[in-house]
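Remarks on the overall topology
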Amino acid sequence: MMFLKNRLFLNALGTLFMRVLLLGTGFLTSVVLARFLGPDGFGLYSYVMALATIASVVAGLGLPGYAIKELAIFGGRSDFRTFNGFLFSGALYVTAASLIVGLLFALYWHTFGSSAVGATQIALMLAILVPLSALFQYCEAVLRSQGKTILSQVPEILFRRIIFLATVVIVVVVMEIPHFGAVATVYLQALAVTLGLVYFIYYILRYIVKPNSGFDYVSDYRSVLRGSFPFMATSLLFALSDQIGVLLIESLSTISMVGYYRVAYRAAELVVLVASAADMVIQPRFARLYSEGSHSELQKLMKQSARITAVVSMVIAIIMIAFRTEFLSLYGEIYVTAERAFVVLLIGQIVTVMMGPVVSLLSMIGCQSVILKAVFASLVVNVILSAILIPQFGLEGAALASTGSLILWKFILMHYARVKCGFNSNVF
């Protein structure tokens, strides 16, 4: 039992470390790309990646989330024939769907896309990126279904962050290749995803697929889609929530403003580093305490977590606000013009941190549907506010729309947790 507890602790610690590493490498990547590409190039890169992210979620059909549950069940039952069958059938479905979705997105942007951002180039990039990203996510889910959470993050960090970033630096700084811009950077990202996918496929075939067991192909795709659709709806809502600002700014303003906004948005996210890391550690404990009926202990733990993370996050935010010019200069002197939007986004992050780990709480006690409804409501509000504020206030309007919708989302969940579940998640 002690060995099991140690394994769980080490796994949680390793997962936490990987989460911090992901955020750290993501910050470094955004700094380097923003400096090398400039607002226009970084805006175009962010726009294409936002489109690819949303399209790959649709192309995945929700199978990454569904596979985590199903493969864990089949593996636990030692039903290896069904395990292999579901694994290969899911990969086939994702491959077929991603090729179709990638082609449809590419055709749409080739026909109706804005020439200001290069519709033909975007169409080609989407046709390549969408299938690769969808399969990447599915393979990652296969490893997670077998409890290999840390290993599942290796391709993301090693290939899509470290090797990709090193390649960009070598090409731009060492080789000094002229005219290296956003389009070439996207293709380098596609190459990094391909390398990660090769790693996944090799590992799955060697260590995950059950040898000498055969497989039962899942021909009833309707039942699979019925099971996977809720996962797709959930993932799509969260992807839209994260990327909607980029899409709205591009449609209502300029591609360079996308670059400024993305810098301010990603920089402000550093404030919640401590809170997001703490959430990963306390989520399993929330689930256990709730299942045991230890509601008072759960409430105490939630308050402690909220207060500690709020204090640390506020200190980080105050430092970042005080030195906002120097901080944004890390991305390049030109991005200092985004400092007012940066401050607005920082304030929004602090307000949400002070509302406590309510998302983790509700997800661990079976209230995922409430989270989805709140995300949808905030998404609608974000679109409405963006349509009103961006044409009038530009970058600051986008920041206000994003901040307002984020606060609304957390407030709805905090209110629901207090009124319906009897838990007070905020710091007060």
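Bear in mind that the values here come from a model prediction, so they are computed numbers and not experimental data. (Residues numbered from 1 in each chain as written. Predicted model: local features only at pLDDT ≥ 70, side-chain atom pairs only at ≥ 80, totals over all residues. Heavy atoms only, no water.)

Quick look at the overall build of the protein now. When helices and strands are tallied, the protein shows 15 helices and zero strands. Over its C-alpha atoms, taken along the principal directions, the protein stretches across nearly 60 × 50 × 40 Å. Per-residue burial for the protein yields a buried fraction of 50% across its 428 residues. A sequence separation of at least 24 residues applies to 83% of the contacts in the protein between residues at least 6 apart. Here the protein displays about 19,700 Å² of accessible surface, and carbon together with sulfur accounts for 69% of that area. Of the side chains in the protein, 28 bear a positive and 18 a negative charge, and the two mean positions are spaced by 10 Å. (Helix = DSSP H or I, 4+ residues; strand = E, 2+ residues; numbered from the N terminus. Buried < 20%, exposed > 50% of the residue type's maximum accessible area, 1.4 Å probe, protein only. Contact = heavy atoms within 4.5 Å. Areas by Shrake-Rupley, 256 points an atom, 1.4 Å probe, with all protein chains shown as cover. Lys, Arg positive; Asp, Glu negative; His and termini not counted. Charge placed at Lys NZ, Arg CZ, Asp CG, Glu CD.)

We now examine the packing of aromatic side chains. In this structure the tally under the stated criterion is 15 aromatic pairs. Centroid distance F27 to Y331: 6.0 Å. Interplanar angle 85°. Geometry classified as edge-to-face. Here F27 is found in helix α1 (residues 2–59), whereas its partner Y331 is found in the loop between α11 (324–329) and α12 (339–354), with 304 residues between them in sequence. Note on Y331: relative accessible area 0%, which makes it buried. (Phe/Tyr/Trp six-rings, centres within 6.5 Å; stacked < 30°, edge-to-face > 60°.)

Its 26 residues give helix α14 (residues 368–393) an end-to-end C-alpha distance of 35 Å, which sits within 8% of 38 Å, the value for a rise of 1.5 Å per residue. By the burial criterion, the buried members of α14 are V370, I371, A374, V375, S378, L379, N382, S386, L389 and I390. Buried-residue contacts for α14 involve α7 (221–252), α13 (358–364) and α15 (395–419). Looking one or two places after α14, you find G394, whose phi comes out positive at around 60°. (Expected span 1.5 Å × (residues − 1).)

Structurally, Y290 can be placed in helix α9 (residues 273–291). A sequence separation of 71 residues divides Y290 from L361, and the C-alpha atoms of the two residues are 9.3 Å apart. The contacts of Y290, once residues within four sequence positions are left out, are H295, L298, I365 and F423.

Packing of helix α10 (residues 295–322) against α12 brings their axes to within 9 Å, and their N-to-C directions diverge by 170°. Classified by the interaxial angle, the pair formed by α10 and α12 is roughly antiparallel. Note on element contacts: α12 touches α10 through F342, L346, I350, V353 and M354, opposite T309, A310, S313, M314, A317, M320 and I321. Broken down by class, the residue content of the contact of α10 with α12 amounts to ten nonpolar, two polar and no charged. (Axes fitted to C-alpha atoms, helices over the stretch in contact; angles between N-to-C directions. Parallel < 35°, antiparallel > 145°, perpendicular 65-115°, else oblique. Nonpolar A, V, L, I, M, F, W, Y, C, P; charged D, E, K, R; others polar.)

The next subject is the confidence of the model for the protein. For the protein, per-residue confidence averages 83 on the pLDDT scale, and residues scoring 70 or more make up 91% of the total. In this model residues 1–5 is a low-confidence stretch, pLDDT under 50, and it forms zero contacts with partners more than four residues away in sequence or in other chains. (pLDDT = per-residue confidence, 0-100.)

Looking now at α12. Since the α-helix advances by 3.6 residues per turn, residues separated by three or four positions end up pointing in the same direction. End to end, α12 covers 23 Å across 16 residues, agreeing with the expected 22 Å (1.5 Å per residue, within 8%). Of all the residues in α12, the buried ones are A341, F342, V343, V344, L345, L346, G348, Q349, I350, T352 and V353. Once α12 ends, the next one or two residues include G356, with phi positive near 90°.

Scanning the entire structure with this criterion turns up six salt bridges. Between E156 and R160 there is a salt bridge, with its nearest N and O atoms 3.7 Å apart. In this pair, E156 and R160 are both assigned in helix α5 (residues 149–174), four residues apart and thus about one turn of the helix distant. Two residues, E269 and R266, come together in a salt bridge whose shortest N-O distance is 2.7 Å. With relative accessibility at 24%, the residue E269 sits in the partly exposed group. With a relative accessible area of 25%, R266 lands in the partly exposed category. Via salt bridges that share partners, E156, R160 and R161 belong to a single interconnected network. (Salt bridge = Lys/Arg side-chain N within 4 Å of Asp/Glu carboxyl O.)

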